[in-house]
Amino acid sequence: MTRRVLRMLGSRYGIAAILLLVVIAVVAVAQDQSRSTPGDGGQQGNTVDNVEPGAPDDGFATPSADPGATSGPAADVLPDSAVDTATAFAVAWVDTGSATAAEWVDRLAPYATRELHEQLAGVDPVSVPATEVRGEGRASAAHVEFDTDAGLLILRMTEENGGWLVAGIDFRRP
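A brief look at the structure comes next. (Residues numbered from 1 in each chain as written. Predicted model: local features only at pLDDT ≥ 70, side-chain atom pairs only at ≥ 80, totals over all residues. Heavy atoms only, no water.)

In this model, helix α3 (residues 80-94) (15 residues) spans 21 Å end to end at C-alpha, consistent with the 21 Å of a helix rising 1.5 Å per residue. Where α3 is buried, its residues contact α4 (101-108), α5 (114-120), β1 (133-139), β2 (143-148), β3 (152-160) and β4 (163-172). (Helix = DSSP H or I, 4+ residues; strand = E, 2+ residues; numbered from the N terminus. Expected span 1.5 Å × (residues − 1). Contact = heavy atoms within 4.5 Å.)

Right, here's the structure in full:
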């Protein structure tokens, strides 16, 4: 009896049956893993379902660690002092020149939040795509936009301790 079963498994029909069972098992496992589990809100994997389609990327979204800081502007348009800070940051950001990475980041420090300054610490200034700011900054509710020779620089502004600082950077190529 055992010999007969082994002979049947060794035939082409037996091998085909074994392969069929393996394929069915793999498909069943894959379907089981793709289903959502109870308590995950119906999400599958690591998806995010609270982002509006077509919403622009606003860079890093990190809340301020300083309890005395307020985030975001109080008015619909940023004040001139925020635009001045953004302009100084933008000019320093594109001025990579012959500065070392540490010197370049230190030049940005007076205009950036502590969190952004820490994030920029590992950036090589050679990776900055623009070399020149063209024209005046355009302020909106929480951003200042600058045209550059390589695209659009968008700086997210925040008010901390009565002054305005850059809290995020976004760059869009044409």
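Additional details are given in the paragraphs that follow.
For the rest of this paragraph, the subject is a nonpolar patch on the surface. On the surface, Met1, Val5, Leu6, Leu9, Ile18, Val22 and Val26 cluster together into a nonpolar patch covering about 680 Å² of accessible area. Mapped onto the nonpolar patch, the elements with two or more residues apiece are α1 (2-10) and α2 (12-34). Residue placement: isoleucine 18 occurs in helix α2. (Patch = residues over 30% accessible without salt bridge, like charges linked within 9 Å, V, L, I, M, F, W, Y side chains within 5 Å. Areas by Shrake-Rupley, 256 points an atom, 1.4 Å probe, with all protein chains shown as cover. Salt bridge = Lys/Arg side-chain N within 4 Å of Asp/Glu carboxyl O.)

Quick look at the environment of glycine 135 now. Its place among the elements puts glycine 135 in strand β1. With 11 residues separating them along the chain, glycine 135 and phenylalanine 146 place their C-alpha atoms 7.2 Å apart.

To continue, consider the packing of aromatic side chains. Within this structure, the stated rule accounts for one aromatic pair. With a centroid separation of 5.9 Å and an interplanar angle of 40°, the aromatic rings of tryptophan 93 and phenylalanine 171 are classed as tilted. Residue tryptophan 93 is located in helix α3, and its partner phenylalanine 171 is located in strand β4; the two are separated by 78 residues in the primary sequence. Looking at tryptophan 93, the relative accessible area reads 6%, which means it is buried. (Phe/Tyr/Trp six-rings, centres within 6.5 Å; stacked < 30°, edge-to-face > 60°. Buried < 20%, exposed > 50% of the residue type's maximum accessible area, 1.4 Å probe, protein only.)

A few words on the environment of valine 128. Mapped onto the elements, valine 128 comes out in the loop between α5 and β1. Remark: the alpha-carbon pair of valine 128 and threonine 96, spanning 32 residues in sequence, is separated by 7.8 Å. Excluding residues within four positions of it along the chain, valine 128 makes contact with Trp93, Val94, Thr96 and Trp104.

Where α3 meets α4, the axes come as close as 9 Å, and the angle between the chain directions of the two elements is 170°. Comparing their axes, α4 and α3 come out roughly antiparallel. Contacts between α3 and α4 involve Phe89, Ala92 and Trp93 on the former and, on the latter, Trp104, Arg107 and Leu108. Considering only residue class, the contact of α3 with α4 consists of five nonpolar, no polar and one charged. (Axes fitted to C-alpha atoms, helices over the stretch in contact; angles between N-to-C directions. Parallel < 35°, antiparallel > 145°, perpendicular 65-115°, else oblique. Nonpolar A, V, L, I, M, F, W, Y, C, P; charged D, E, K, R; others polar.)

This next bit is on the pairing of β1. Across four bridges, β1 lies against β2 in antiparallel orientation. Its bridge partner lying in β2, alanine 139 is registered against valine 144. (Pairing = 2+ DSSP bridges.)

Of all hydrophobic cores here, the largest spans 27 residues; its most connected members are Phe89, Trp93, Leu155 and Met157. Of all the secondary-structure elements, those providing two or more residues to this core are α3, α4, α5, β2, β3 and β4. With residues near it in sequence (within four places) discarded, phenylalanine 89 still touches Leu108, Tyr111, Ala112, Leu116, Leu120, Leu155, Val166 and Ile169. (Core = buried A, V, L, I, M, F, W, Y, C linked by side-chain atoms within 4.5 Å.)

Taken together, four strands build an open sheet; the order of strands is β1-β2-β3-β4 and the sheet is antiparallel. Edge positions in the open sheet fall to β1 and β4, since each of these has one partner strand only. Here the average twist between neighbouring strands, direction ignored, is 25°. Summarising the sheet, β3 and β4 pair through nine bridges and their orientation is antiparallel. When the bridges of β4 are listed, glutamate 159 appears paired with tryptophan 164. Strand contacts of α3: β1, β2, β3 and β4, with the helix running at about 50° to β4, the strand carrying the most contacts.

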